[in-house]
Number of protein chains: 2
Amino acid sequence: MKTDVTIIGLGLIGASLGLAFKNANLNGTIIGVDNDQQVVEKAIAIGAIDRGDSLKSAVVAADIIIICTPLAAFPEILAKIKPVIKSGSIVTDVGSTKAEVMRLFEQLPSGVWAIGGHPMAGAELKGIRGADSYLFENAVYVLTPGQDTPEHIVKRLSQLLTMTGARIQILDAALHDQLVATVSHVPHLAAVALVNSTEGNPDTLRLAAGGFRDTTRIASSNPDLWIDILQSNRQSIIAGLETLTKLLTDLTRQLASGEDKKLLEGLYRARDIREMIPQVKKGLLPGFVDVICIVPDRPGIIGELGRILGEDHINIVDIEILRVREGDGGTIRLGVPNLADGIRAVEALQNYEIKAWVR
Amino acid sequence: MKTDVTIIGLGLIGASLGLAFKNANLNGTIIGVDNDQQVVEKAIAIGAIDRGDSLKSAVVAADIIIICTPLAAFPEILAKIKPVIKSGSIVTDVGSTKAEVMRLFEQLPSGVWAIGGHPMAGAELKGIRGADSYLFENAVYVLTPGQDTPEHIVKRLSQLLTMTGARIQILDAALHDQLVATVSHVPHLAAVALVNSTEGNPDTLRLAAGGFRDTTRIASSNPDLWIDILQSNRQSIIAGLETLTKLLTDLTRQLASGEDKKLLEGLYRARDIREMIPQVKKGLLPGFVDVICIVPDRPGIIGELGRILGEDHINIVDIEILRVREGDGGTIRLGVPNLADGIRAVEALQNYEIKAWVR
């Protein structure tokens, strides 16, 4: 079936969707809309869209319209497109929260199907400069259809988005917002509170080791983007914060009253649950084994590790510098596809007098 | 001045201290004590100690005694050594909390100086197998002298420990415990609570992206080790949890009552404070610049990156795989010493048709 797609907003997500559809040989035309004419031209140049157009004429013939702008632009966009949008078309978006979007979509004429969308993907480089046809590969992509959306409509959008390599997950919009509050928005605010609890005291910060840096990394994100996300999911975040506060109050009471058995149970429970989190890297690279090695610090050492393992046809699928020391090398973690490769890698490295072991 | 050192407990920290002292040509004898005779022999074999001995005779002539066992063993060790320890000697330890240790040290005879110690260093491999003469290089090493400890005694211990490459920081024991509660113990419990707030729901965990994994990484640590740490710093942790709970309650109220300006101020404050955290890696490698590149997934690609940059004599000082895609490569961050090298690295990579840019 031919599917004409219109992408409104050619930033990182919009342009990457276009590239991914083209890459998968979409049968249909992709029209791009952006306020910035240079961005439209760049999107054509990199092959993310077939052509640009003004908002209204871009949506007239579209089968699927994907809004990839900030939420703040939605009311104006919807007001402009609703008189001209064709019956039977699908409108979706790519925002981080879904209940508010679904409410905004209610103004669309009947016969137009609204399905919220949230691809869980991002990149280092923002805007069209970061556009990447593989951005959604293996990413979870949540769709939140309305209750009256026919099965075949959801299926049509799912099929289009599956072309990007994303894994579609259908959820109710309100449930989606609760879940992302739990795994994203509340942890964000917890990181903010943990950092602010140091009051910026230099003595305190000097003692902050890797654990604190990991735990609070997200508190370095852009506050202006985050305030929008928090505002659009207020009720779910409030409920999530109340749950977190209750759990922390329980832990405080357990510590104060010596309920150490309960405290230990909580620590074990968290460790067990955490092991259930799907490991994206491990999912992508099944059977992945870690080799730890201690190497000297000299130009080309990382190339040398690659060469040593390459000679034995062992692929390095992941690499991480665990610790570095000025002038004296460091500890490196190498991911290899399986245990047999891990054992061969250790032998190969030891032949070069590099201390190595399988973790 | 000749300094005879006795290390009690030859695990990761004890054996690494011995190696570091020997590596720095300590003028004095290092005697090691461990319940496991095989560990003592291994410590001699790797050159971490000069000889082993029984607890009592090992401390008789020691100038500095470093207790590197779990806290639970301290009462028995102190009871055994206090009748034989020589006047003027220094006793220290390497535990994670300090007020309780300082209380235990009070039973030592007058004329023996007790100074708590907390090296902020760890390693992947536990026990003597992980022993590493560079473990403390550039690590913060906190010392907590008693109020009546003479300056020259603190200086003598500082000088010994500085041989390991550690950066000594003198703190009051109670203050140390408050600070580590803030940057380590409370964040640990917050991570536990965040994970437990998911209730292990698979739908929730499926949406957990990199941010959640970073924030909760420490919740995967060994619960049995952590319960000991929590027990030994109960009061400071309770106070820290109360501060955190109050901050979270403030955020909840701000969200509920639409105090969005205050909320945004909190996000900015956290970002600003977080930028003040000393970056260990960046401290070690001043001027460090990140180059991002997108590479195909094939055996030897990491070696190839090393070779391409090695040809231009550009040293890779840090490397991280930001994203991988099955069968299609990924995004890699390469740290190089300075901006000039970063620009040359981008040119070199682009000559090989690898998409790269300086972040």
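Residues numbered from 1 in each chain as written. Chains lettered and ligands numbered in written order. Predicted model: local features only at pLDDT ≥ 70, side-chain atom pairs only at ≥ 80, totals over all residues.

Undergrad: If you had to explain the pairing of strand 9 (residues 289-295) of chain A to someone new, which residues and values would you point to?
TA: Residue and element names in this part refer to chain A. Taken across its seven residues, strand 9 has six buried, putting it largely inside the fold. Pairing of strand 9 with strand 12 (residues 355-358) involves four bridges; the strand directions are antiparallel. Considered in strand 12, the bridge of Val291 is made with Val358. (Buried ≥ 20, exposed ≤ 12 C-beta atoms within 10 Å, placed from the backbone. Helix = DSSP H or I, 4+ residues; strand = E, 2+ residues; numbered from the N terminus. Pairing = 2+ DSSP bridges.)

Undergrad: Outline unusual backbone geometry, listing residues and values.
TA: In terms of backbone geometry, most residues other than glycine have negative phi values and most peptide bonds are trans. Residue and element names in this part refer to chain B. Phi angles above zero are rare outside glycine, and Asn25 is one such case at about 55°. By the element assignment, Asn25 lies in the loop between helix 1 (12-23) and strand 2 (30-33). Take Asn25: there are 7 C-beta atoms within 10 Å of it, and that puts it in the exposed class. One non-glycine residue, Glu353, adopts positive backbone phi at about 60°. Tracing the backbone shows Glu353 in the loop between helix 15 (339-351) and strand 12 (355-358).

Undergrad: Describe helix 14 (residues 301-311) of chain A, naming the residues involved and giving the relevant values.
TA: All of the buried residues in helix 14 of chain A are A:Ile301, A:Ile302, A:Gly303, A:Leu305, A:Gly306, A:Leu309 and A:Gly310. At the exit of helix 14 of chain A stands A:His313, carrying a positive phi of roughly 55°.

Undergrad: Just give me the short version of the sheet that holds strand 1 (residues 5-8) of chain B, but keep the residues and values in it.
TA: The pairing of strands in a sheet comes from backbone hydrogen bonds and takes either a parallel or an antiparallel form. Residues and elements named next belong to chain B. Strand order in this open sheet of eight strands is 3-2-1-4-5-6-7-8, and the pairing throughout is mixed. A single partner strand is all that each edge strand has here, and the edge strands are strand 3 (51-52) and strand 8 (167-170). Looking at chain direction, strand 7 (residues 140-145) and strand 8 are connected through four bridges and run parallel. The residue of strand 8 that forms the bridge with Tyr141 is Ile168. Sheet contacts for helix 6 (residues 151-162): strand 4 (64-67), strand 5 (90-93), strand 6 (113-119), strand 7 and strand 8; angle to strand 7, the most-contacted strand, approximately 160°. (Contact = placed C-beta atoms within 7 Å. Axes fitted to C-alpha atoms, helices over the stretch in contact; angles between N-to-C directions.)

Undergrad: Describe the confidence of the model for chain A, with residues and values.
TA: All names here are of chain A. Averaged over every residue, the pLDDT of chain A is 89; residues scoring 70 or more account for 92%. Across residues 280-287, where pLDDT falls below 50, the model places 16 contacts with residues more than four positions away in sequence or in other chains. The ipTM value of the predicted complex is 0.77, and its pTM value is 0.78. (pLDDT = per-residue confidence, 0-100.)

Undergrad: How would you summarise the relation of the copies chain A and chain B if you had to cite specific residues and measurements?
TA: In the superposition of chain A on chain B (RMSD 0.1 Å, axial shift 0.0 Å), the rotation amounts to 180°. The two molecules are tied by a two-fold rotation axis, judged by turn and shift. Counting the interface residues of chain A, we find that 99% of their copies in chain B are interface residues as well, pointing to one common contact surface. (Least-squares fit on C-alpha atoms with pLDDT ≥ 70 in both.)

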